[in-house]
Amino acid sequence: NDKLQGVLGRLADSLGQRNKDAWAAFADSPKARDRARSIKDETLAHLDEHLEKLEEQVIARGGNVHWADNGEEACAHILKILEDCKARKVVKSKSMTTEEIHLNKVLEGVGIETIETDFGEYIIQVAGHRPSHIVAPAVHLNAGDVAEILSEEAGEPLPADRKELAAFARRQLRQAFATADVGITGVNFAIAETGTTVLISNEGNGRLTTSMPRVLISIMGMEKVIPQLADLPYFLKVLARAATGQKISVYTSLVTGPRRTEEHVGPQEFHLVIMDNGRTDIL
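Keep in mind it's a predicted model, so treat the numbers as computed, not measured. (Residues numbered from 1 in each chain as written. Predicted model: local features only at pLDDT ≥ 70, side-chain atom pairs only at ≥ 80, totals over all residues. Heavy atoms only, no water.)

Asker: Looking at this model, I keep getting lost on the sheet that holds strand β6 (residues 196-201). Mind explaining?
Answerer: Sheet strands associate in pairs through backbone hydrogen bonding, adopting either a parallel or an antiparallel arrangement. With mixed pairing, the four strands of this open sheet are ordered in space as β8-β5-β6-β9. With partners counted over all chains shown, the strands left at the sheet margins are β8 (225-226) and β9 (251-255), one partner each. Bridging between strand β5 (residues 189-191) and β8 involves two bridges; their strand directions are parallel. Looking at the pairing, A190 lines up with V225 of β8. Sheet strands touched by helix α11 (residues 232-243): β5, β6, β8 and β9. Its angle to β5, the strand with the most contacts, is close to 170 degrees. (Pairing = 2+ DSSP bridges. Helix = DSSP H or I, 4+ residues; strand = E, 2+ residues; numbered from the N terminus. Contact = heavy atoms within 4.5 Å. Axes fitted to C-alpha atoms, helices over the stretch in contact; angles between N-to-C directions.)

Written out as structure tokens, the structure is:
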């Protein structure tokens, strides 16, 4: 695909330069990266202990933990949870782990309406495409392409104006959030000490996915665990600069189990799926 190759080439230049500029503007970047790397190295050296601690803390806070050796088991766990709560409609925040196991195809195969809520992911879902980049899944499409794709969804012509297209998607997705039975997210980090999952995004869809549906399912690769809450700031400093060249992403959501009795928002039921899918072999 010559168009896609050209776009990705230009993205490497533009996004790559933003990354370099972000590191250059961060005086302590070598220390932060070295500290983050040392935390990950220590965690991977004792991965079993940290994962057991994570499971213990999630359960202690009212959540449920499911272990999956591979993608098929992960999908089976999710299908069982959806079956138990009689779910027919799911909203998802952007997750490369669910792309890894082709979860959408599995859910749609059993008749469960599945809606991607990240704007880029929503566009390519409507278009029937796969993500073309881990940060910018719809980077291969310009405003005219998006207008053509979403006009069919709207049933009327939409202008090739980015703000107008985003406004249309917002209207569509707000209704989906309000009526979804279950939210499904990935996990950027899982904190063993507290049983907390961390979701990082530049759009508010992640926070709506974790707070509005009655049931929340988060799926993580087993390497996403970190030992303590005090470790998280090092990774927040590193992640945004490495991904988009920002100092910090717009939304950092910390979810610690289902909602408490005194809380008015958040899921009533929380499930964490921890997946191997070849990671042990790599380790």
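Asker: Sorry, what's going on with the state of the cysteines here?
Answerer: By definition, a disulfide links two cysteine residues through a covalent bond between their sulfur atoms. Counted by the stated rule, this structure contains zero disulfides. Counting only cysteine sulfurs, C85 is the nearest neighbor of C75, a cysteine outside any disulfide, at a range of 16 Å. Owing to a relative accessible area of 16%, C85 belongs among the buried residues under this scheme. (Disulfide = S-S within 2.5 Å. Buried < 20%, exposed > 50% of the residue type's maximum accessible area, 1.4 Å probe, protein only.)

Asker: I would appreciate a short explanation of the packing of helix α8 (residues 143-154) against helix α9 (residues 162-179) in the present structure.
Answerer: Pairs of packed helices are described in terms of their axes, by the angle between the two and the distance that separates them. Running from N to C, α8 and α9 cross one another at 35 degrees; their axes reach a closest spacing of 10 Å. Note that α8 runs across α9; the crossing there is left-handed. Across the interface between the two elements, A143, V146, A147, L150, E153 and A154 of α8 pack against R162, L165, F168 and Q172 of α9. Its residues placed into classes, the contact of α8 with α9 shows seven nonpolar, one polar and two charged. (Left-handed = near helix turned anticlockwise from the far one by under 90°. Nonpolar A, V, L, I, M, F, W, Y, C, P; charged D, E, K, R; others polar.)

Asker: Please clarify how the packing of aromatic side chains should be interpreted in this entry.
Answerer: The geometry of an aromatic ring pair is captured by two quantities: the separation of the ring centres and the angle between the planes. For the coordinates displayed, the defined rule picks out one aromatic pair. Between F189 and F235 the ring centres are 5.2 Å apart and the planes differ by 45 degrees, which places this aromatic pair in the tilted class. Taken together, the residues span a long stretch of sequence, with F189 in strand β5 and F235 in helix α11 at a distance of 46 residues. Residue F189 is classed as buried on the basis of its relative accessible area, which comes to 7%. Directly above the aromatic system of F26 lies the positively charged group of R241, at a separation of 4.0 Å from the ring centroid. (Phe/Tyr/Trp six-rings, centres within 6.5 Å; stacked < 30°, edge-to-face > 60°. Lys NZ or Arg CZ within 6 Å of the ring centre and 35° of its normal.)

Asker: Where do I start with unusual backbone geometry in this structure?
Answerer: Glycine aside, the phi torsion of most residues is negative, and most peptide linkages are trans. One non-glycine residue, H102, lies in the positive phi region at around 55 degrees. One can find H102 in the loop between α5 (96-100) and α6 (103-109). For H102, a relative accessible area of 42% corresponds to the partly exposed category.

Asker: What's the story with the environment of I184 in this structure? I'm lost.
Answerer: Along the polypeptide, I184 turns up in strand β4 (residues 182-185). Residue contacts for I184: discarding those within four places in its chain leaves I78, V90, V91, K92, S93, T98, L103, L107, T209 and I217.

Asker: Quick question: what am I supposed to make of the pattern of salt bridges here?
Answerer: Where charged atoms of side chains with opposite charge meet at close range, the side chains can pair. Evaluation of the coordinates by the stated rule reveals nine salt bridges. Between K53 and E56 there is a salt bridge, and its shortest N-O distance comes to 3.8 Å. Of the two residues, K53 and E56 are both situated in helix α3 (residues 47-60); the distance of three residues between them amounts to about one turn of the helix. Overall, the relative accessible area of 35% leaves K53 in the partly exposed class. Classification of E56 by relative accessible area gives partly exposed; the value is 45%. Residue D84 pairs with K80 through a salt bridge whose shortest N-O separation is 2.9 Å. Here the residue D84 and the residue K80 both occupy positions in helix α4 (residues 71-84), the gap between them amounting to four residues, near one helical turn. Accessibility expressed as a relative area gives 48% for D84, which makes it partly exposed. What you see here is one network of salt bridges that share partners, running through E100, E223 and R279. (Salt bridge = Lys/Arg side-chain N within 4 Å of Asp/Glu carboxyl O.)

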